[in-house]
Amino acid sequence: MKKLLWMLSMSAVLLMVSGCGMFKDKEAEQEEAAKDLSEKMEEAGKDLQDDPAGSMKKMTEAMEQFGQKMNEGAKVEPVDYKELKALLPAELSGLAREDATGEKTSALGMKVSKAEATYANDDSRITILIQDMGTLSGMAAMAYGWAFTDMEKESDNGFERTTTYKGHRAFEKYDQSDKDGEINVLVAKRFIVEVKGYDVSMDAIRSALDTVNVAQLVGMKDVGVEK
């Protein structure tokens, strides 16, 4: 278990460092913060076997400090998942809501909250996921390459492309043969709205996205932020 925790924590660090490195010309300070985090996590890991509690405490503190640096010195407490869950529609056109869940998670100083719902009939299914990146808000954009790049790819079977949705950076893709697709939207550099559809048209996926009150999410961008 100790080894597993260490591997997971270091994997997270490596992903963050890699993300920062992709945009080092624009995010030099954040890249430096990620390198500092990596060093602290490695140092804390040396004591994992002899002092697991102390080691995990050091890892948590390092992650908290990193999160604050990435959020320009601010502490960010995620929005209550119940508020995110309230933004999920009760039903979609032709699809009944089968399940709706919400949760807040905290590990190694990282706190996020999310709400998700599934809508389906005998043939089709759509899921809507709303995530508040919380302490990871400063890293939200880096976690999604499309937030910084423009791309468009199209074939006879479908497409992938970056776009905007109501002024927010977004990415969408669709497979015409399977009738599967998704749209992801980064809102206020903090929230991720993800809509996935299975055996539905792209128009149905976009319509599902329209049921989420993105403006209300924008209004929550400073909730839980402590300078």
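Everything below is about the structure shown above.
First things first, this report covers the structure right here in the doc. (Residues numbered from 1 in each chain as written. Predicted model: local features only at pLDDT ≥ 70, side-chain atom pairs only at ≥ 80, totals over all residues. Heavy atoms only, no water.)

### Some thoughts on the packing of aromatic side chains
Point 1. One pass over the full model with this rule turns up one aromatic pair.
Point 2. Taken together, a centroid distance of 6.4 Å and an interplanar angle of 35° make the contact between F159 and Y174 tilted. With F159 in strand β7 (residues 158–165) and Y174 in strand β8 (residues 168–175), this pair connects stretches of sequence that are 15 residues apart. Accessibility assignment for this pair places F159 and Y174 in one class, buried.
Point 3. R125 extends its terminal NZ or CZ atom over the ring of Y198, reaching a point 4.3 Å from the ring centre.
Point 4. Here the guanidinium or amino end of R161 rests over the ring plane of F159, the centre of that ring lying 3.9 Å away. (Phe/Tyr/Trp six-rings, centres within 6.5 Å; stacked < 30°, edge-to-face > 60°. Helix = DSSP H or I, 4+ residues; strand = E, 2+ residues; numbered from the N terminus. Buried < 20%, exposed > 50% of the residue type's maximum accessible area, 1.4 Å probe, protein only. Lys NZ or Arg CZ within 6 Å of the ring centre and 35° of its normal.)

### Here we look at the environment of V225
Point 1. Here V225 shows up in strand β11 (residues 225–226).
Point 2. Along the chain, V225 and P78 lie 147 residues apart, while their C-alpha atoms are 8.6 Å from each other.

### Observations regarding the pattern of salt bridges
Point 1. By the definition in use, this model includes 10 salt bridges.
Point 2. For E77, the salt bridge identified is with K104, shortest N-O distance 2.3 Å. Here the residue E77 occupies a position in the loop between β1 (75–76) and α4 (81–85), and K104 occupies one in strand β3 (residues 95–107), the gap between them amounting to 27 residues.
Point 3. Using a relative accessible area of 43% as the deciding quantity, one classes K104 as partly exposed.
Point 4. In this structure, D132 and R190 form a salt bridge, with 2.8 Å as the shortest nitrogen-oxygen distance. Note that D132 is positioned in strand β5 (residues 125–132) and R190 in the loop between β9 (180–187) and β10 (191–198), a separation of 58 residues in sequence.
Point 5. You can call R190 buried: its relative accessible area is 2%. (Salt bridge = Lys/Arg side-chain N within 4 Å of Asp/Glu carboxyl O.)

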